[in-house]
Every structure is written in structure tokens, then in C-alpha cells.
Amino acid sequence: MWNNVLHWVDQPFTSATYLGMLLGGVLTLAITLGAVTYTIYGERKIIGWMQGRVGPNRVGPFGLMQSIADILKLLIKEDIVPAKADKALFMIAPIITYVPAFAVLAVIPYTFHHYFTARLNIGVLYYIALSSISIIGIVLGGWASNNKYAIIGGLRSAAQMISYEIPLALSMLGVVLLSGSLDITRIIEVQQQNGLWNVFPQILGFIVFLIAATAELARAPFDLPEAESELVSGYFTEYSGFRFAFYMLSEYVYLIAMAGLAAALFLGGWTGPFGLGWGWFWYAIKSFLFIFLMFWLRATMPRARVDQLMGFAWKYLIPLAILNLLISAVEKLYWLKG
Amino acid sequence: MVPYLNGYLYVVLFLLLGIALPVGALYLLGPLLRPNKPSAAKLSTYESGIEPVGEAQTRYNVRYYLFALLFVVFDVETLFLVPWAVSFKALGGFGLIEVFIFIFFLFIGLIYAWNKKVLEWK
């Protein structure tokens, strides 16, 4: 019985299977919310340290309760819908952005046991398809606010995210080509069999992936949609309380999901050095390295200009991503025949 | 023992949980906790503290539209490359030459757009 609950992935449908799935889903939700809370705390603390400040240190020991206090504050804040806004769209837009952000976590394989992970044969495609739905929520939020900053922020987000989605997808395709499968678990297994992380044969693809992922997550130096010095805070300028919180939440859930994806596709997922166990531990370390890199970039780089941003994706990243795809094809023919 | 089918049910569960959290927080728990005292000043549109001038939902730069058009072309291209990448092992060297030709024709389009200054942002 208990065995059926844990290994719901390859069991026939019984009540134990359903219980296992429900348990996996609810635990993923709880762990994600906790992880987002402390990612925000970590970001403020790490960037504070890089800029010679202390960061949050008042609420709880070392400021550890700061993010929890912030969430509680957002929960008891008034939910303001501006009089000129399109009310129905304004209210539904953060939910449209958040739902795919959470749903993409279903295919990220944190451990090889698959307690928390759906093994889909279209895993990579599922991630790309769902994550682009979030853009609709962002554009709708900007448009429905009927605010000049929000509408410019929403349109910039849309233009930026669709432009950088193509190099992102193309750089993932190099990995798919080497593994011959869209199933993320299978991609990790191939890396394990070859004894070689994809970051080495795919070094060009990994660089394109990192840049495109930074832009896709709208993080510095590509945080133009929320450029606070010119657009206040972009598409969520008019949002307050928990609707604002859902925009922030989806941003950080995507950060965690993208870190998980980078670890799976390029850094060998749960495989550790010297064949050591503890898959989830190595997975967490690799994801954290990706997240730390994003914080580091934010503390280091100045913001790109809007006219440089779009040209960069089309003139440099897309040709480079296609070149990487052709290189992977040649590698597959002559080197990693697998 | 097909592991792939259970996964799709799990995805549906994730979509349901994803909808349940915002609905629960915004419509069930939220109204009990948050105040609701709207006033004219509070509900006005934010414009850095001054009176809002005109409407925001007006015409906007056509360049956004051009990028959307380019996106459709290249997104479809990426989708065509997905099945090729998955079954590359079976296709072998012949598949590589075919994709060279496919990408060559697409790049003519990109270079055309580049020459027409579609990629510049002014």
C-alpha cells in the first residue's frame, strides 16, 4: 500500500495512486512556497552583502522572518482595483500568470524516485509551452490597469519575452538532440550513462541558455519591464495586496523552475560526483548555484538599454543558438553516438 | 507499466492546485483579513502624484507588432526543429543536410528583416 503511494508514477490507477499524486502535489506546493520565501530573503541578504550593507536583520534572528512578515502584510492589505481599470481582466490577470508558473514544476525531476515528478514524454516542450502562457497574464495586467507605466511595461515584457523565448527553446533543443528525447528524466539518464554533463558538449548552448533565461525571467541586466527608474514597476504598477504578491510569486517560482531546468538539462540533474547518492542534495546545490548566479548578475550589471535589448536577441542569440544546434548534430554523428 | 500516462493526470492536479491557491487566498481567506474602504483618491490612476492626463489605452508603437510577426515565423521554425532533434539519431547525416537547407532559407528572412531595419529600436 505505502509502496503504491510513493511510486504512483508507474502504478495502475488505484486510490493509493491518487493519494500519492495528491501528496506529491501538495508537498511540492508547500516546499515551493517555502523556497520562494527564503529565496527572496536570500536575494536581499546576498545583494546586501555584495553592496556592503547588512540586508534584512530586524524581524527574527538574522532577519529570517522578514519575508514571512512581508507576506502577512500583503495578505492584510486592501485589494485596490482602480476606477478606470478593466475590472474583470485586472482581477484575473495575476492568476493567469501564476497558474502556469506553478504547473511547470510538475515535470522538474528533483530526485530519481519521482515522488514529486510527472514523467512526461514531452517534458521540455511542456515547460516551454506553459511558461509562454504567463506572458498573456502580464500583457493583460498591463493593459487592464489603464496606466501609462503599466501598459508600456506590459508591452515591453511581451516583446522581450517572446524574443528571448526563441533562443531559449533553441538552446534546449541542442540538449534534446544529444539525448534523443524530450523527457527530462531521460535527458538526465543519458548524461549519467555517458558520464558527461551536457554543459561540456553544449558549452555554447549553455551560455545562450543563461543569457536567454535571464531575459526570460526579466531579471537584471534585462529587467526593463520593471525598470523602476523609468516605469515605476512596470506592468504591476497598479496592483496592491495579494494580487501584487501573485505576480511576485510567479516571478520567483519561475526562477526556481528555471534553476531546476538548468540543473537537469546541462548540469546532470541528481547525479553527484564519484557516484554518491543523495540525488535531491546535488539537485539543490546545482539549482542554488544557478539562482546565486542570477543574484550576482543583478548586483554586478547595469541595466541594458531598450534599443540594445531586442536587437541582441535577434542578431546574436538566435544565430548562435542555431549554430549550437548544428554543432550538436555534428557531435551526435561523430562523438556522442549514444 | 507505461510511466507516461500517470504523469498527465499529475499535470491536471498541478493546474487545479495552481488555481486553488490564488482563489483561496484572494476570495476565501483574503476578504476576512483585508479592509475595504475605497475612496476617490485611492481609486484614481497612479501617475507619479500628478493628475492623470488623457487615456492610457491608446495606439502604441508599431514595432511591437513587427516583433510579434517575426516571433511567429521563428517559433514555428523551432517547433519544426523539435521532431527533427528528437529523431536525429535515426535520420543521421542526411537529416543534417536537410536541416542546413531549411535553416538557410529561414536565415534569408532574418537577414532581410535585418536589412529593412526591423530589428532596430528607435
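Residues numbered from 1 in each chain as written. Chains lettered and ligands numbered in written order. Predicted model: local features only at pLDDT ≥ 70, side-chain atom pairs only at ≥ 80, totals over all residues. Heavy atoms only, no water.

What chain B contains, in helices and strands, is three helices and zero strands. C-alpha extents for chain B along the principal axes are approximately 70 × 55 × 15 Å. Taking all 122 residues of chain B together, 33% fall into the buried category. For chain B, the exposed surface amounts to about 7,800 Å²; the carbon and sulfur share of it is 72%. In chain B, 9 positive and 7 negative side-chain charges are present, and the distance between their average locations comes to 4 Å. (Helix = DSSP H or I, 4+ residues; strand = E, 2+ residues; numbered from the N terminus. Buried < 20%, exposed > 50% of the residue type's maximum accessible area, 1.4 Å probe, protein only. Areas by Shrake-Rupley, 256 points an atom, 1.4 Å probe, with all protein chains shown as cover. Lys, Arg positive; Asp, Glu negative; His and termini not counted. Charge placed at Lys NZ, Arg CZ, Asp CG, Glu CD.)

Secondary structure summary: chain A contains twelve helices and zero strands in total. The order of α-helices and β-strands along chain A, N terminus first, is α-α-α-α-α-α-α-α-α-α-α-α. For 338 residues, the compact-globule formula gives about 20 Å, and the C-alpha radius of gyration of chain A, at 21 Å, lands near that figure. Each of the three principal axes of chain A carries a C-alpha extent, and together these read 60 × 55 × 45 Å. Within the span of chain A, comprising 338 residues, buried residues form 60% of the whole. Partitioning the intrachain contacts of chain A with sequence separation of at least 6 by distance along the chain shows that 75% fall at a separation of at least 24. (Rg over C-alpha atoms; globule rule 2.2 N^0.38 Å. Contact = heavy atoms within 4.5 Å.)

Let's shift gears to the interface of chain B and chain A. Residue-level contacts link 68 residues of chain B with 92 residues of chain A. Taking both partners together, chain B and chain A bury about 7,200 Å²; carbon and sulfur atoms supply 74% of that area. Among the residues of chain B in contact with chain A, B:Asn6, B:Tyr10 and B:Phe14 are the three that bury the most area, contributing 10% of the side total. Taken together, chain B and chain A are joined by two salt bridges. A salt bridge links A:Asp79 to B:Arg34, with the shortest nitrogen-to-oxygen separation between them at 4.0 Å. At the boundary of chain B with chain A, the tally comes to seven residue pairs in polar contact (both at pLDDT 80 or more). Listing elements by their share of the side of chain B that touches chain A, those giving two or more residues are helix H1 (3-33), helix H2 (63-86) and helix H3 (88-115) of chain B. At 21 residues, the largest contribution of residues to the side of chain B that touches chain A is made by H1(B). When grouped by side-chain class, the residues that make up the side of chain B that touches chain A number 48 nonpolar, eleven polar and nine charged. (Buried area = accessible area lost by both parts, 1.4 Å probe. Salt bridge = Lys/Arg side-chain N within 4 Å of Asp/Glu carboxyl O. Polar contact = N/O pair within 3.5 Å; in protein donor to acceptor, adjacent residues only side chain to side chain. Nonpolar A, V, L, I, M, F, W, Y, C, P; charged D, E, K, R; others polar.)

This brings us to the packing of helix H2 (residues 15-50) of chain A against helix H11 (residues 279-300) of chain A. Residue and element names in this part refer to chain A. Axis separation between H2 and H11 bottoms out at 10 Å; the angle between their running directions is 45 degrees. As judged from the angle between their axes, H2 and H11 are oblique. As for how H2 packs across H11, the hand of that crossing is right-handed. Listed contacts from H11 to Thr39, Gly42, Glu43, Ile46, Ile47 and Met50 of H2 are Phe288, Ile291, Phe292, Phe295, Trp296, Arg298 and Ala299. (Axes fitted to C-alpha atoms, helices over the stretch in contact; angles between N-to-C directions. Parallel < 35°, antiparallel > 145°, perpendicular 65-115°, else oblique. Left-handed = near helix turned anticlockwise from the far one by under 90°.)

All names here are of chain A. Domains assigned within chain A are domain 1 (15-76) and domain 2 (78-334). Between domain 1 and domain 2, the C-alpha centre-to-centre distance is 19 Å. Taken together, the contacts link 20 residues of domain 1 with 23 residues of domain 2. Roughly 1,800 Å² is buried in total at the junction of domain 1 and domain 2, and carbon and sulfur atoms are behind 82% of that figure. Of all residues in domain 1, Glu43, Met50 and Leu74 bury the most surface against domain 2, accounting for 29% of the area lost on that side. Note that glutamate 43 and arginine 219 form a salt bridge whose closest N and O atoms lie 2.5 Å from each other. (Domains from an automatic or database assignment.)

Further remarks concern the packing of H2(B) against H3(B). All names here are of chain B. Look at H2 against H3: their axes get within 10 Å of each other, and the N-to-C directions meet at 170 degrees. Judged on the interaxial angle alone, H3 and H2 are roughly antiparallel. From H2, Leu70, Val73, Phe74, Glu77, Phe80, Leu81, Trp84, Ala85 and Val86 reach across to H3, where they touch Phe88, Leu91, Gly95, Leu96, Val99, Phe102, Ile103, Leu106, Leu110 and Ala113. In terms of residue class, the contact of H2 with H3 is built from 17 nonpolar, one polar and one charged.

A separate point is the confidence of the model for chain A. Confidence in the prediction for chain A averages 86 pLDDT; 97% of positions are at 70 or higher. Ranking the elements of chain A by mean pLDDT puts helix H1 (residues 2-6) of chain A last, at 70, and helix H8 (residues 203-216) of chain A first, at 91. (pLDDT = per-residue confidence, 0-100.)

All right, on to the packing of aromatic side chains then. How two aromatic rings sit relative to each other is given by the distance of their centres and the angle of their planes. Tallying each qualifying case throughout the model produces 27 aromatic pairs over all chains. Aromatic side chains A:Phe102 and B:Phe14 sit 4.9 Å apart centroid to centroid with 10 degrees between the ring planes, which places their arrangement in the stacked category. Residue A:Phe102 is found in helix H4 (residues 87-103), and its partner B:Phe14 is found in helix H1; the two belong to separate chains. Here A:Phe102 and B:Phe14 have matching classes, each one buried. Between A:Tyr235 and A:Phe236, the aromatic rings sit 5.0 Å apart at their centres with planes inclined by 85 degrees, giving edge-to-face as the arrangement. Residue A:Tyr235 shares its accessibility class with A:Phe236, and that shared class is buried. (Phe/Tyr/Trp six-rings, centres within 6.5 Å; stacked < 30°, edge-to-face > 60°.)

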